[in-house]
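# Coordinates in review
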Amino acid sequence: MFGIKFIKFQPSEYVLKYKNGKVVKEGAGISFYYYAPTTSIVMVSIASSDCPFMFEEVTADFQTVSIQGQVTYRIVDRKNVVGLLNFTLAIKNGNKSYISDDPQKLPVRVSNLVRVMAKKHLEDLKLSDAIRSSESLANNILEDMRGNEEIRLLGIEIMGLTVLAVQPNKDTSRALEAETRERILKMSDDAIYERRNASIEQERGVKENEYNTEIAIENKRRQVRETQLDAEQAEMKKQNELKNEQLDAEINLEEKRKTLIALAAENSKAEADAKAYELKAMMSALSGVDTDVIRALAAIGMQPQTLIANAFQNLAGNAEKIGHLNITPDLIREMMIE
C-alpha cells in the first residue's frame, strides 16, 4: 500500500508510536507498520549512557583545579523525558535520526549538574585537600545528583559517577612539586638526624650501662672489702680479747706467784727465825761448855766423811806443832771403809 512502511527497533530502544496525538503502541525492541503522514515515532534509548566531563573550578584558597571524570546514567521514565525533550525520529530511506538536537542536550544538562555539585563541594576545600579528594568528591556529587529534583523530572537514574583526577594548573603543580620535594628532602634530613640522634642515644645508653655496670662492680668490690675488713676487725677483736684474756690469766698467775713467793718468803723467814732462835738458844746453853765437849757432841752421829773432814781441820789448826805427816789415798780409803 502506498505510504505504509515497516520499521523495526533494537531491544535497547524504547519506542512510542503516536497517531493523531495519541500513543497507539509503545515498547522496547518492537516493530510495526506505520503511515508516515499521520504517524509520529518517538525513540528513547534505555541503555546506560556514559557522559565524560572535564572542567575547572576554584578551591577555598582561590586555586584553580581541573576536574576530570565520568557520570553514567540511563532514562527510566520515557514518557516524562519525551514530554520535556523532543525525541521524535525522522526516517528517510530506512535511516533513523532525530529531528531536533534535544537528545544531545541531555548529557550536557547532566554534565552541567555535575559541575554545579562539584563547585559546591570544592568551595569548602583547600587545594591540598582538593587534590586528594577524588573518591570523597565523587561520592558527594553522586549523592547530590541522585537527590536532585531536575534529574528526577527528567526521568533519569544516575547509575554511577567517577572522578578520575583533581589536578592543579601547571604553575601550581610545579610549586606543589617543589614544596613536596623540599618537604621530602626535609623528611630525609630529619630521618638522618633522627637516626643520628638515635645512634647517639643508643651509644649513650650503652655507655651509661657500662658506667652503671662499673659502678655496680665497684660497689660489690667495696662491699667485699668492707666485709673483709669487718671480718678482719672481728678476728682482730677476737684475738685481742683472747690476748686480753691470756694477759689477764698471766697477770692472775703472776699475782698468784707473787702471793706464793711472798708466802714462801714469809715461811722461809719464819723458818730462818725459828732456826736462829733455836741456834741462839743452843748457843746460850753451850756458852759455858768446853769446846772439846762441844766437838765431841757434834761428832756423835756424823758420817765418816764428816769426821775425817773435822780431823783434817784439827790437824790443819795444829800444823805448827806437827813435824812430818804422810797421808796416802790408801789410808783415806781404809778410814772411809771403817
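The present account deals with the structure reproduced in this document. (Residues numbered from 1 in each chain as written. Predicted model: local features only at pLDDT ≥ 70, side-chain atom pairs only at ≥ 80, totals over all residues. Heavy atoms only, no water.)

## Considering the overall build of the chain
Heads up, the condition is: Each helix is a run of DSSP H or I of at least 4 residues and each strand a run of E of at least 2, with the numbering of both proceeding from the N terminus. Only protein chains enter the accessibility calculation, which uses a 1.4 Å probe; a residue is then buried when its area is under 20% of its type maximum, exposed when over 50%, and partly exposed in between. In this analysis, two residues are considered to be in contact whenever any of their non-hydrogen atoms come within 4.5 Å of each other. Accessible surface area values rest on a Shrake-Rupley calculation with a 1.4 Å probe, where residue burial reflects the displayed protein chains alone.
Helix and strand content of the chain: nine helices and ten strands. In the chain, buried positions account for 20% of the 338 residues. At a minimum sequence separation of 6, the contacts of the chain that also span at least 24 residues come to 62%. Here the chain has roughly 24,600 Å² of accessible surface; of this, 53% comes from carbon and sulfur atoms.

## Description of the side chain of Thr59
Rule in force here: As used in this structure description, the phrase polar contact means that two N or O atoms lie within 3.5 Å; if the pair is within protein, one of them must be able to donate a hydrogen and the other to accept it, and residues adjacent in sequence are counted only when both atoms belong to side chains.
With respect to the helices, strands and loops of the structure, Thr59 is situated in the loop between β6 (49-58) and β7 (64-75). Among the polar contacts listed, one links the side chain of Thr59 to the side chain of Asp61, at a separation of 2.4 Å. Leave out the neighbours within four places in its chain, and Thr59 touches Val65, Leu122, Leu125, Lys126, Leu127 and Ala130.

## Details of the nonpolar core
Condition: Take the buried Ala, Val, Leu, Ile, Met, Phe, Trp, Tyr and Cys residues and link them wherever side-chain atoms come within 4.5 Å; each set so joined is a nonpolar core.
Grouped together as the largest cluster of nonpolar side chains are 37 residues, with contacts concentrated most on Phe87, Met145 and Leu161. Ranked by residues supplied to this core, first place goes to helix α2 (residues 102-122) with seven residues. Setting aside its immediate chain neighbours within four residues, Leu161 contacts Phe53, Gln70, Val71, Val114, Ala138, Ile141 and Leu142.

## Some thoughts on the sheet that holds β6
Counted only if it meets this: When DSSP finds at least two bridges between two strands, those strands are taken to pair. Axis angles are defined between N-to-C directions and span 0 to 180 degrees, where every axis is a line fitted to C-alpha atoms and, for a helix, only to the segment in contact.
Taken in spatial order, the three strands line up as β6-β7-β10 in an open sheet, and their pairing is antiparallel. At either margin of the open sheet sits one strand with a lone partner, and together these are β6 and β10 (156-168). Strand-to-strand twist of the sheet, defined as the mean angle between neighbouring strand axes without regard to direction, takes the value 20°. Here eleven bridges tie β7 to β10, and the two strands are oriented antiparallel to one another. Residue pairing in the sheet places Val65 in a bridge with Pro168 of β10. Across the sheet, α2 lies against β6, β7 and β10, angled at about 40° from β6, the strand it touches most.

## Some points on the packing of α2 against helix α4 (residues 134-146)
Applied cut-off: Angular relationships are summarised with four words: roughly parallel below 35 degrees, roughly antiparallel beyond 145, roughly perpendicular across 65 to 115, and oblique for the angles in between. Two helices cross in a left-handed way if the nearer one is turned anticlockwise from the farther one by less than a right angle. They cross in a right-handed way if the turn is clockwise.
Two numbers describe how α2 lies on α4: the axes approach to 9 Å, and their chain directions differ by 125°. In this view, α2 runs oblique relative to α4, as classed from their interaxial angle. Here α2 runs over α4; the crossing is right-handed. Contacts from Val110, Leu113, Val114, Met117, Ala118, Lys120, His121 and Leu122 in α2 reach Leu137, Asn140, Ile141, Asp144 and Met145 in α4.

## Observations concerning the sheet that holds strand β2 (residues 13-19)
Ordered in space as β3-β2-β5, the three strands form an open sheet in which the pairing is antiparallel. Both outer strands of the open sheet, β3 (22-28) and β5 (39-45), are each paired with one neighbouring strand and no more. Between one strand axis and the next, the sheet turns by 15° as a mean value, whatever way the strands run. Judged from the seven bridges that link them, β2 and β5 form a sheet pairing that is antiparallel.

## Focus: the pairing of β2
The side chains of a regular strand alternate between both faces of the sheet. For β2, the tally of buried residues reaches five of seven residues, placing the bulk of the element in the interior. Here β2 hands over to β3 after two residues, with Asn20 in that stretch at a positive phi of 60°.

## Things to note about the packing of aromatic side chains
To keep it simple, the criterion reads: Ring pairs shown here join Phe, Tyr and Trp side chains whose ring centres sit within 6.5 Å, with only the six-membered ring taken for Trp; geometry is labelled stacked below 30 degrees between planes, edge-to-face above 60, and tilted in between.
For the structure on display, the rule yields five aromatic pairs. Ring geometry for Phe87 and Tyr98: centres 5.7 Å apart, planes at 85°, overall edge-to-face. Of the two residues, Phe87 is situated in the loop between α1 (78-84) and β8 (89-92) and Tyr98 in strand β9 (residues 95-98); the sequence distance between them amounts to eleven residues. Clustering of aromatic rings is evident, with ring pairs tying together Phe9, Phe32 and Tyr34.

## Concerning unusual backbone geometry
Positive phi, normally seen in glycine, also occurs at Asn20, with a value near 60°. Following the sequence through the fold, Asn20 ends up in the loop between β2 and β3. Given the relative accessible area of 67%, Asn20 is considered exposed. Unusually for a residue other than glycine, Phe62 sits at a positive phi of about 60°. Phe62 gets classed as exposed once you look at its relative accessible area, which sits at 72%.

## Regarding the pattern of salt bridges
The test is simple: A carboxyl oxygen of Asp or Glu within 4 Å of a side-chain nitrogen of Lys or Arg is what we treat as a salt bridge.
Enumeration according to the criterion identifies 17 salt bridges in this entry. Taking the shortest distance from any N to any O, the salt bridge between Arg132 and Asp129 comes out at 3.3 Å. Looking at Asp129, the relative accessible area reads 35%, which means it is partly exposed. In this structure, Arg204 and Glu201 form a salt bridge, with 2.4 Å as the shortest nitrogen-oxygen distance. Residue Arg204 and its partner Glu201 are both found in helix α6 (residues 170-286); the two are separated by three residues, about one turn of the helix. Exposure remark for Glu201: the relative accessible area of 43% places this residue in the partly exposed category. Here the residues in one salt-bridge network are Glu57, Arg115, Lys119 and Glu123, joined through shared partners.

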